[in-house]
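Tertiary structure, described
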Amino acid sequence: QVQLVESGGGLVQAGGSLRLSCAASGRTFSSYVMGWFRQAPGKEREIVAAVSWSGSATYYADFVKGRFNISRDDSKNTVYLQMNCLKAEDTAVYYCAGVRTVVACTRSPAAYDYWGQGTQVTVSP
């Protein structure tokens, strides 16, 4: 069993930055693919970024490429999402998720077994 707790959300002006953190419980964190997803009101949950269990492979949705960076620190059981050049359309609840899989960067929300409670990110125009 893995428990995930996100932090770091908040209100920021367009063009600003935030860093989200996701702290995981459990001793097998290093064997999990970790992803960040987001869900805006009235929209489906969508993947933002994912990182392989080894950290050697990453995936980014087109709408965040060049602006966001996902990383993991297995010594702290934590995955991060550095968000730069934020836009109003980035406003959403952001969730981290984990799955133990051989697929390097799983993209489908349905594939993930463990989810955090979410953290709100609001970007003002």
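Nothing here was measured: the structure is a model prediction, and the numbers come from that model.

Turning next to the packing of aromatic side chains. Under the definition given, this model contains five aromatic pairs. Between Phe37 and Trp115, the ring centres sit 4.9 Å apart and the planes meet at 50°, which makes this aromatic pair tilted. A residue pair is termed long-range when its members are at least 10 positions apart, and Phe37 in strand S4 (residues 33-39) and Trp115 in strand S10 (residues 114-115) qualify at 78 residues. Take Trp115: its relative accessible area is 27%, and that puts it in the partly exposed class. One aromatic cluster is present, formed by Phe37, Tyr95, Tyr112 and Trp115 through successive ring pairs. Residue placement shows Arg45 over the ring face of Tyr95; its charged tip is 3.8 Å from the ring centre. Across the ring face of Trp115, the terminal group of Arg45 is positioned such that the distance to the ring centre comes to 4.7 Å.

Mapped onto the elements, Arg67 comes out in the loop between strand S6 (58-60) and strand S7 (68-73). The class for Arg67 is buried, based on a relative accessible area of 10%. A polar atom in the side chain of Arg67 sits 2.7 Å from the side chain of Asp90.

All chains considered together, the criterion is met by one disulfide. Its sulfur unpaired, Cys105 is 15 Å from the next cysteine sulfur, which belongs to Cys96.

The tally for this structure, following the rule as stated, stands at five salt bridges. The closest approach of N and O atoms between Asp74 and Arg72, which form a salt bridge, is 2.9 Å.

Moving on: the sheet that holds strand S3 (residues 18-24). Taken together, four strands build an open sheet; the order of strands is S1-S3-S8-S7 and the sheet is antiparallel. Bordering the open sheet on either side are strand S1 (4-7) and S7, each of which pairs with just one other strand. This sheet shows a mean twist of 15° between the axes of neighbouring strands, independent of strand direction. Sheet analysis places S7 next to strand S8 (residues 78-83), joined by six bridges and oriented antiparallel. Along S8, the bridge assignment pairs Ser71 with Tyr80.

To continue, consider the environment of Phe29. Relative to the helices and strands, Phe29 is located in the loop between S3 and S4. A residue is classified by how much of its surface remains accessible, and Phe29, at 2% relative accessible area, is buried. For the pair Phe29 and Val79, spaced 50 residues apart in sequence, the C-alpha to C-alpha distance is 9.9 Å. When residues no more than four places from it in sequence are discounted, the contact partners of Phe29 are Ala24, Met34, Arg72, Asp73, Asp74, Asn77, Thr78 and Val79.

Calculation rules
Residues numbered from 1 in each chain as written. Predicted model: local features only at pLDDT ≥ 70, side-chain atom pairs only at ≥ 80, totals over all residues. Heavy atoms only, no water. Phe/Tyr/Trp six-rings, centres within 6.5 Å; stacked < 30°, edge-to-face > 60°. Helix = DSSP H or I, 4+ residues; strand = E, 2+ residues; numbered from the N terminus. Buried < 20%, exposed > 50% of the residue type's maximum accessible area, 1.4 Å probe, protein only. Lys NZ or Arg CZ within 6 Å of the ring centre and 35° of its normal. Polar contact = N/O pair within 3.5 Å; in protein donor to acceptor, adjacent residues only side chain to side chain. Disulfide = S-S within 2.5 Å. Salt bridge = Lys/Arg side-chain N within 4 Å of Asp/Glu carboxyl O. Pairing = 2+ DSSP bridges. Axes fitted to C-alpha atoms, helices over the stretch in contact; angles between N-to-C directions. Contact = heavy atoms within 4.5 Å.

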